[in-house]
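# Understanding the architecture of this molecule
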Amino acid sequence: MNKKNLLLALLFLLTQQQVQAFCGFYVARADAKLFNKTSQVILVRNGDRSTITMSSDFQGNVSDFAMVIPVPTVLQREDIKVVERRIFDQFDAYSGPRLVEYHDQGPCQRMYLNESVQAAATMKSRAPVSDSEMSREEDMYRVAVVARYTVGEYDIQILNAQESGGLERWLNDHGYKIPDGAREVLEPYIKSNMKFFVVKVNLEEQQRLSSQILRPLQISFNSPKFMLPIRLGMANGEGNQDMIIYAFSQKGRIETSNYRTVKMPSDRNVPIFIKDHFGKFYTDLYKENIRREGYDNIFLEYAWDLSGQNSVKCDPCPSQPPLYNEITEAGVNWLQSGGWSGYTGQLFFTRLHVTYNRRDFPQDLIFQETPNREQFQCRYILNHPAPYINDCPEWGSYQEQKIQSRKNELRELATLTGWDVSRYREYPSYFQGYRAPQPPDGKTGSIHQENKNQKTKPFRPQPTELVPSENDPIGSNDVKLPDSIAAISQDDFVMQDESEQGEKKDLSYGFVALAAITGLFLMHRKKP
Amino acid sequence: MLTTIRSGTSRWIADYSSDARHYQLTFLFIFLLTGLFALNWSMPGWQIPLTFLIALTTQLAGILLLRLPIHSLKSALITSFSLCLLFRSDQTTVVILAAFIAISSKFFFKTNGKHFFNPANVGICATILITGQGWISPGQWGSEGIWLFLVGILGFLVVTRANRLELALSFIAAYGGAFLIRMLLWQNWPVDALTHLFTSGSLLLFTFFMITDPASTPSHKIVRIIWAFSVGLLAFYLQAYHWVNGSPLWALFLLSPLTSVLDYFFKGERWTWQDRIPEKITTAPAL
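Residues numbered from 1 in each chain as written. Chains lettered and ligands numbered in written order. Predicted model: local features only at pLDDT ≥ 70, side-chain atom pairs only at ≥ 80, totals over all residues. Heavy atoms only, no water.

### Focus: the overall build of chain B
- Along its length, chain B carries 13 helices and 6 strands.
- Among the 287 residues that make up chain B, the fraction classed as buried is 57%.
- Here the analysis covers contacts within chain B between residues at least 6 apart in sequence; of these, 75% occur between residues at least 24 apart.
- When the accessible area of chain B is evaluated, it comes to approximately 12,300 Å², of which 72% is carbon and sulfur surface. (Helix = DSSP H or I, 4+ residues; strand = E, 2+ residues; numbered from the N terminus. Buried < 20%, exposed > 50% of the residue type's maximum accessible area, 1.4 Å probe, protein only. Contact = heavy atoms within 4.5 Å. Areas by Shrake-Rupley, 256 points an atom, 1.4 Å probe, with all protein chains shown as cover.)

Listed below in structure tokens is the structure:
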């Protein structure tokens, strides 16, 4: 019973370097400028058992790295692992928003479609767990160290705190500088019987591994609570933080039960020049969608049935679907190895994307597993025009239709991204050799403002591999009509803080409803 | 000509306001439109027509076989709306089962001629328990529809002269009070965490449009208040200690059978829909 009352894990990073944030707050040993970037989490849920894998993209001197992870129970050593970072990249590449390219059948040609697939490299998994001695110490902070472990390159202490003031003093006195307001944020979790991790890098182990990259940390525990405590991460958070969640479950889709889970727009026809600016296109689309749907939502970017018996693991596939060893390394333990897809058993994959801040997310994210097996992907479609063929009587009407559909593509682009598309006004009629201007800088037509002082990594749309179809009815000598896809990488996705949050649509709803009620009331009064 | 229109309109208004269910239908319809077009709920296109079809057919069968009054179709309409608003499934058989259980529960689960389950509630909970293939999405309203909800509820209370308001108030007092004590006074959560809990559209829909159902709740007023209070406390317990999503629905489902026991010991006025003139129960319940 006591276990059931405990809160789920939460985590905050203590460092003086720039790191990738998880749902925790930054604390530093020295005053240093920190900013939160996109963080990634893998959630695995099976009954009451949760496995959470957190990726930290720490770059810098590893001796400065430290992290605090509150957890619901005193975890045993076998409940803590380190995993390879590559599984995050694999899941990201597999589930990211994608661009599909089609080539029109000309009016004088036969239809033909093909999709080529970019292969992804396989990976090895390794999760060393090393022994350490467990000890117990009470001190004046009312903080007890209930366990000590060394796992991979990390030294972990598990603390049982009685009150937030004591924990704050303990952290301060042990060399961590934690932000103002941390005490208030910690208290509800301590009151819920939370235990706290303190994670540091074991320098000897780390040198032995001779790697500067710290691997993601994975924890598992049994608790009915299925949630991510993002509130801690906002203790010093100014503006927005961005998080991608890869969730694995047996029954079906994962959704939030205390926030609205909204599907991203998908399957839209967009202009072909978007291929060169897919990263910018998608981030602007994402921001515009947040503005339209409201800031307090979580967004569904991908949902797919990955069960062993489902032969279509993605359609189209921007990368290889997750392999058995990747899935098990992420914490899925109910599949059986074997079968022609590498494993048998039920598995459902959900990718969620959330941009959160203190104002719009007053509660932690609470999830629920639904039996919903509907598949969903963020897919945007490019339609290349057919090549011009001499003496084709139908060409004229084809051209007219194409111009019209390209105008619609521009309208769609403006709606989706909020871009001012007047710069592309020549696009509809130029079938060959159209050179599209750069996408608008900043957010034309949108209320979002980008902080230009922050460095944003340039987007790298993945190179598209053009593979002619095997059953090409036209022949390779005629014209190549390859169809291909490009995927957006989550690495490239960095949400900028938004200085302007934008007004809510609530009031307009209120006015409309108030008018309706007044009408009804007056009508009611007329009753004879 | 003008007089004809006028008298026609006033007759229509008189008809409309003679039955509280008309208002309820209007508001549920507005909520459903909001969900579909403003909040873009992802529900399969066949769910709404299928729910209505099965619910109305079942009710019609009841009318023909059990000689129920024809106006009971309105109650079936309300149940259909509630199912569309609250219940989610991606399988046709599950939706059919939910609608069928909802309506037929009124024929089977009754004591002394009064059904004790809220039809939509038992339809949802029993279907989830039996098939495991349906679910409730408590987060589906977000906070955007909150004004619509608050004003909708106020409007509903005004036009229906607040019948059964005590049920809504005692439920929310128990559920809200328990969360307030636990979250604010004990755990020291910030106030907006609690406000966020209470602006859940699903909770408000439950409080003002489901638990207030006069047909399936205890007849005696004081008993009714205590009963709704217990539903609130049970919902709080399930939510806070067992992390049950949509706990008010489950609490109501579990405590509904108590209604018939309570009605046996505490007599009250029985509710009838049509004229809102309560008729006294004169016959003693058969043993």
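Next comes the rest of the description.
### Quick notes on the nonpolar core
- By size, the foremost hydrophobic cluster in this structure holds 97 residues, and its most contacted members are Phe196(A), Phe31(B), Phe171(B) and Trp227(B).
- If we ignore the near neighbours within four places in the chain, the residues touching Phe196(A) are Val68(A), Ile69(A), Pro70(A), Gln157(A), Ile158(A), Leu159(A), Ala161(A), Leu167(A), Leu186(A), Tyr189(A) and Ile190(A).
- If you look at the next biggest cluster of nonpolar residues, it comprises 71 residues, including Ile158(A), Phe226(A), Ile254(A) and Tyr424(A). (Core = buried A, V, L, I, M, F, W, Y, C linked by side-chain atoms within 4.5 Å.)

### Concerning a nonpolar patch on the surface
Residues and elements named next belong to chain B.
- Nonpolar side chains collect at one region of the surface, where Leu60, Leu64, Leu65, Leu66 and Ile70 lie side by side and expose about 550 Å² of accessible area between them.
- You can see Ile70 is positioned in the loop between helix 3 (47–66) and helix 4 (72–86).
- Judged by its relative accessible area of 58%, Ile70 is exposed. (Patch = residues over 30% accessible without salt bridge, like charges linked within 9 Å, V, L, I, M, F, W, Y side chains within 5 Å. Salt bridge = Lys/Arg side-chain N within 4 Å of Asp/Glu carboxyl O.)

### Description of the pattern of salt bridges
All names here are of chain A.
- For the coordinates displayed, the defined rule picks out 19 salt bridges over all chains.
- A salt bridge links Arg351 to Asp92; the nearest nitrogen and oxygen atoms lie 3.0 Å apart. With Arg351 in strand 20 (residues 348–356) and Asp92 in helix 1 (residues 86–95), this pair connects stretches of sequence that are 259 residues apart.
- Overall, the relative accessible area of 2% leaves Asp92 in the buried class.
- Residues joined in a network through salt bridges with shared partners are Asp92, Glu301 and Arg351.

### What about the confidence of the model for chain B?
- For chain B, per-residue confidence averages 84 on the pLDDT scale, and residues scoring 70 or more make up 85% of the total.
- If you check the scores for this complex, the pTM reads 0.80 and the ipTM reads 0.85. (pLDDT = per-residue confidence, 0-100.)

### Let's talk about unusual backbone geometry
Residue and element names in this part refer to chain B.
- Notably, Arg67 is not glycine yet its phi reads approximately 55°, a positive angle.
- With respect to the element layout, Arg67 can be found in the loop between helix 3 and helix 4.
- Judged by relative accessible area, which is 76%, Arg67 ranks as exposed.
- Phi angles above zero are rare outside glycine, and Asn188 is one such case at about 60°.
- Inspection of the secondary structure puts Asn188 in the loop between helix 8 (165–186) and helix 9 (191–198).

### A short note on helix 2 (residues 20–38) of chain B
- Compared with an ideal rise of 1.5 Å per residue, which puts 19 residues at 27 Å, helix 2 of chain B spans 27 Å between its outermost C-alpha atoms and is within 8% of the ideal.
- Listed in full, the buried residues belonging to helix 2 of chain B are Ala20(B), Arg21(B), His22(B), Tyr23(B), Gln24(B), Leu25(B), Phe27(B), Leu28(B), Phe31(B), Leu32(B), Thr34(B) and Gly35(B). (Expected span 1.5 Å × (residues − 1).)

### Notes on the state of the cysteines
Residues and elements named next belong to chain A.
- Inspection of every chain in the model, using the stated rule, returns 1 disulfide over all chains.
- Paired by a disulfide, Cys314 and Cys317 hold their sulfur atoms 1.8 Å apart. Across the S-S bond linking Cys314 and Cys317, the dihedral sits near 100°, which makes this disulfide right-handed.
- Not engaged in a disulfide, the cysteine Cys378 finds its nearest cysteine sulfur in Cys314; these two sulfurs lie 15 Å apart. (Disulfide = S-S within 2.5 Å.)

### So, empty space enclosed by the protein
- Applying the stated criterion to the full structure yields 6 cavities of 30 Å³ or more.
- Forming the boundary of the largest cavity are 44 residues, of which Asn258(A), Gln363(A), Ile366(A), Leu197(B) and Gln239(B) lie nearest the centre.
- At the level of elements, helix 8, helix 9, helix 10 (201–210), helix 11 (221–242) and helix 12 (247–255) of chain B are the ones that each hand at least two residues to the lining of the largest cavity.
- Residue composition of the lining of the largest cavity, grouped by class: 21 nonpolar, 18 polar and 5 charged.
- Along the walls of the second largest cavity sit Leu28(B), Ser82(B), Leu85(B), Leu86(B), Leu205(B), Phe206(B), Phe209(B) and Met210(B), which together make up its complete lining.
- When residues of the lining of the second largest cavity are traced back to their parent elements, those giving at least two are helix 4 and helix 10 of chain B.
- In terms of residues, the lining of the second largest cavity owes the most to one element, helix 10 of chain B, which gives 4 residues.
- Residue composition of the lining of the second largest cavity, grouped by class: 7 nonpolar, 1 polar and no charged. (1 Å grid on protein atoms, 1.4 Å probe; cavity = no way out; pocket = protein on both sides within 12 Å on 5 of 7 lines; lining within 4 Å. Points joined across faces, edges and corners; volume = space filled by probe spheres on them. Nonpolar A, V, L, I, M, F, W, Y, C, P; charged D, E, K, R; others polar.)

### Re the sheet that holds strand 14 (residues 254–256) of chain A
Residues and elements named next belong to chain A.
- Taking strand neighbours across the sheet as the criterion, the 3 strands line up as 12-21-14 in an open arrangement whose pairing is antiparallel. One side of each edge strand has no neighbouring strand; the edge strands of this open sheet are strand 12 (227–228) and strand 14.
- One ladder, built from 3 bridges, connects strand 14 with strand 21 (residues 365–369); its direction is antiparallel. Bridging across to strand 21, Glu255 finds its partner in Gln368. (Pairing = 2+ DSSP bridges.)

### Thoughts on the side chain of Thr283(A)
Residues and elements named next belong to chain A.
- Its location among the elements puts Thr283 in helix 5 (residues 278–293).
- For Thr283, a relative accessible area of 5% puts it in the buried group.
- At a separation of 3.1 Å, a polar atom in the side chain of Thr283 contacts the main-chain carbonyl oxygen of Lys280. (Polar contact = N/O pair within 3.5 Å; in protein donor to acceptor, adjacent residues only side chain to side chain.)

### A few points about the packing of aromatic side chains
Residue and element names in this part refer to chain A.
- Counting across every chain of the model gives 44 aromatic pairs over all chains.
- Ring geometry for Phe88 versus Tyr246: centroids 6.4 Å apart, planes at 65°, classification edge-to-face. One end of the pair, Phe88, is in helix 1; the other, Tyr246, is in strand 13 (residues 241–249), with 158 residues separating them in the sequence.
- With relative accessibility at 0%, the residue Tyr246 sits in the buried group.
- Between Phe273 and Tyr434, the aromatic rings sit 6.2 Å apart at their centres with planes inclined by 50°, giving tilted as the arrangement. With a gap of 161 residues between them, Phe273 in the loop between strand 16 (268–269) and helix 5 and Tyr434 in the loop between helix 7 (395–417) and strand 24 (485–487) connect regions that are remote in the sequence. In terms of burial, Phe273 and Tyr434 fall into one category: buried. (Phe/Tyr/Trp six-rings, centres within 6.5 Å; stacked < 30°, edge-to-face > 60°.)

### Some details on the confidence of the model for chain A
Residue and element names in this part refer to chain A.
- Residues with a pLDDT of 70 or more make up 68% of chain A, whose mean pLDDT is 72.
- For residues 110–137, every residue scores under 50 in pLDDT, and the model assigns this stretch 101 contacts once sequence neighbours within four places are set aside.
- Residue range residues 443–484 is modelled with pLDDT below 50. Its contacts to residues more than four positions away, or to other chains, number 93 contacts.

### Describing the environment of Arg260(A)
All names here are of chain A.
- You can see Arg260 is positioned in strand 15 (residues 260–263).
- What makes Arg260 buried here is its relative accessible area of 2%.
- In this structure the side chain of Arg260 is engaged in a polar contact, spanning 3.0 Å, whose partner is the side chain of Glu293.

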